[in-house]
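The chain contents come next:
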Amino acid sequence: MSVLGGIIIAIVIAIAHGNSKWNTLDWLEAHNVSYELHNVTTGDGYQLQVQRLPRLGARPVLLVHGLLGSSLSWLCQGPGKSLAFQLYQQHYDVWLANQRGSSPYGRHHLELTDVMAEFWHYSFHEFGSYDLAAIIDHMTEITSKSSSSAEEEMHEDEEEKANAEVVEPHQVLLIGHSQAFNAFLVLCAMHPRFNQRILLIQALAPLAQLHRQVRFDSTQVRAVMKFVKQRQKSNKFELFQPGELRKICQKKREQCEYYTKQLVGSSQNNKKLLDAFNYDNLLQGGSIREIKHLQQIWKSGDFIAYDYGPIENLQVYHNIEALGYNLSDISVPIILYFGQTDAIATPEGVHAIYAKMLNSVRSVRRIASNKFNHLDFLLSSDVKTLVNDKLIELMEKFLEGKLPYIIE
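Residues numbered from 1 in each chain as written. Predicted model: local features only at pLDDT ≥ 70, side-chain atom pairs only at ≥ 80, totals over all residues. Heavy atoms only, no water.

Colleague: Could you give me a rundown of the overall build of the protein, with the residues and numbers involved?
Modeller: Of the regular secondary structure elements, the protein holds 15 helices and 9 strands. A total of 408 residues make up the protein; the buried ones form 55% of that total. (Helix = DSSP H or I, 4+ residues; strand = E, 2+ residues; numbered from the N terminus. Buried < 20%, exposed > 50% of the residue type's maximum accessible area, 1.4 Å probe, protein only.)

Right, here's the structure in full:
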């Protein structure tokens, strides 16, 4: 398809229903970006669609969304701002993860349907131990074949082959937002082999231990948990159905704005604080158990697996207490990024991660803005200059062995 054809498609779609209604594939097709669709089945039966923006033989980068997100998180501001487009333009082999529950790309299972309670029995533990493990194994298989094909092509030109960088197909660069970092930690703690399979983790607004490290208080937490209990009593195990948050915020704008500011933080432009809710496809499915798990971590002060209670813990973990993750065994190099006014991944919280993981964290970076919140990492009008350019710069310095050790 020509560039003109891509522009025409973009105009037609925009006229039909506007960018706010676009899904991941709409964005890729509208901007004439080549893509592949990969179906990955996890060890416990979830069927996930992963999108790839392929660059044969290039370094693979996996982008992982956070709570309520999907692969759309990395595309929704278009080629001028969103990270997936920027990495692709920089000739990286870009992979976009969709974790279980994400609509519509993570709503299938070999035996369950998304109207069954059992489908929603997961939190970030399953994201790390099952979803990411399956996705990265699949990437390894595919990129190994791609690297072999690229090597055969380069063999025809000996000079080009001599100057070409040899890319290990099993080495993946990981970039994640928010709760994705929890999943990264679970992946490396539960499956140590991935400590050798991952080159670098870059964590935007990372979470881990939340006790005394967030900027909302117990009153707000109780309000959230009251909502969670109401959902459970109504036999609703999905946190929000796709589009539900947008409808709620249209009806109760002031209330929605208050809770968004309290739970997410003050943004660069508070007049656009509810921008995330204007996207039909941006805030997707999530499990009630995800919120309960985060609340357990907030309450206990420990980074632990989901606590079922003593009896069920014995069945699941063979111990009356919930499983604790051994973070000291994680050896993957990590770069952490935080926003000054993020209410969840606060500066204090991110520095606490650094203090806990001194052997792994290579740099801690503050976003250069006086107001930068949890969702600004995806939706800020200045995300390219404040986040993406810096992220790519530090990643390339790391690959060159020149990453400066700076803790901000």
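Read on, since the account is not over.
Colleague: Explain the packing of helix α8 (residues 218–233) against helix α11 (residues 288–300) to me, using residue names and the numbers behind them.
Modeller: Where α8 meets α11, the axes come as close as 10 Å, and the angle between the chain directions of the two elements is 150 degrees. As judged from the angle between their axes, α8 and α11 are roughly antiparallel. Regarding α8 and α11, the two cross each other, and that crossing is left-handed. In this structure, α8 uses S218, V221, V224, M225, V228, R231 and Q232 to contact α11, whose residues at the interface are I288, I291, K292, Q295 and W298. (Axes fitted to C-alpha atoms, helices over the stretch in contact; angles between N-to-C directions. Parallel < 35°, antiparallel > 145°, perpendicular 65-115°, else oblique. Left-handed = near helix turned anticlockwise from the far one by under 90°. Contact = heavy atoms within 4.5 Å.)

Colleague: Go over the nonpolar core, please, and point to the residues and values.
Modeller: Grouped together as the largest cluster of nonpolar side chains are 126 residues, with contacts concentrated most on L62, L63, L87, F181 and L336. The leading source of residues in this core is helix α4 (residues 124–155), at 9 residues. Contact partners of L62, with chain neighbours within four places excluded, come to W95, L96, A97, L132, I135, I136, M139, V172, L173, L174 and I175. (Core = buried A, V, L, I, M, F, W, Y, C linked by side-chain atoms within 4.5 Å.)

Colleague: Got a sec to walk through helix α6 (residues 180–190)? Specific residues and values, please.
Modeller: Burial within α6 is extensive, with 9 of its 11 residues counted as buried. Here α6 has its buried residues at A180, F181, N182, A183, F184, L185, V186, L187 and C188.

Colleague: Residue-level account of the environment of I136, with values.
Modeller: For I136, the location among the structural elements is in helix α4. A residue is classified by how much of its surface remains accessible, and I136, at 0% relative accessible area, is buried. Note: C-alpha distance between I136 and V172 (36 residues apart in sequence) is 7.8 Å. Among residues more than four places away in sequence, those in contact with I136 are L62, V172, L174, L187, F194, R197 and I198.

Colleague: Now, about the confidence of the model for the protein: what can you tell me, with residues and values included?
Modeller: Low-pLDDT stretches of the model should not have their predicted coordinates read in fine detail. Considering every residue of the protein, the mean pLDDT works out to 88; 89% of them sit at 70 or more. Confidence over residues 6–17 falls short of pLDDT 50; this stretch has 14 contacts with residues more than four positions distant or in other chains. Long-range and interchain partners of residues 160–167, a stretch whose pLDDT sits below 50, account for 9 contacts in this model, where long-range means more than four residues apart. (pLDDT = per-residue confidence, 0-100.)

Colleague: Explain the side chain of S82 to me, and be specific about the residues and the numbers.
Modeller: Following the sequence through the fold, S82 ends up in the loop between β3 (60–64) and α3 (83–89). Judged by its relative accessible area of 3%, S82 is buried. S82 has contacts with W74, L75, C76, Q77 and N388, leaving out every residue within four places of it along the chain.

Colleague: Quick rundown of the packing of aromatic side chains? Include the residues and the values.
Modeller: To describe a pair of aromatic rings, one takes the distance between the centres and the angle between the planes. One pass over the full model with this rule turns up 13 aromatic pairs. Both rings, one in Y258 and one in Y259, keep their centres 5.1 Å apart while their planes meet at 80 degrees; by these two values the pair is edge-to-face. Note on Y259: relative accessible area 31%, which makes it partly exposed. Counting every residue linked through ring pairs, the aromatic cluster contains Y46, F119, W120, Y122 and F127. Positioned above the aromatic ring of Y88, the side-chain terminus of R55 is 3.9 Å from the ring centre. Over the face of the ring belonging to Y46 we find R100, whose NZ or CZ atom lies 3.9 Å from the ring centre. (Phe/Tyr/Trp six-rings, centres within 6.5 Å; stacked < 30°, edge-to-face > 60°. Lys NZ or Arg CZ within 6 Å of the ring centre and 35° of its normal.)

Colleague: Now, about the pairing of β3: what can you tell me, with residues and values included?
Modeller: Along any regular strand, the residues point their side chains to alternate faces of the sheet. The buried fraction of β3 is high, at 5 of 5 residues. The two faces of β3 match: P60, L62 and V64 on one face and V61 and L63 on the other face are all buried. The pairing of β3 with strand β4 (residues 93–96) spans 4 bridges and is classified as parallel. Its bridge partner being in β4, P60 is matched across the sheet by D93. Regarding topology, α3 serves as the crossover connection from β3 to the parallel β4, and that connection is right-handed. Here β3 runs beside strand β6 (residues 172–177); their pairing, made up of 4 bridges, is parallel. Bridging across to β6, V61 finds its partner in L173. (Pairing = 2+ DSSP bridges. Right-handed = clockwise from strand over helix to strand, strands pointing away.)

Colleague: How would you sum up the pattern of salt bridges? Please name residues and give values.
Modeller: Under the counting rule described, the total for this entry stands at 12 salt bridges. Across the pair R52 and E36 runs a salt bridge, and its minimum N-O distance is 3.2 Å. With R52 in strand β2 (residues 46–53) and E36 in strand β1 (residues 36–41), this residue pair connects regions lying 16 residues apart in the sequence. By relative accessible area, which is 3% here, R52 ends up buried. (Salt bridge = Lys/Arg side-chain N within 4 Å of Asp/Glu carboxyl O.)

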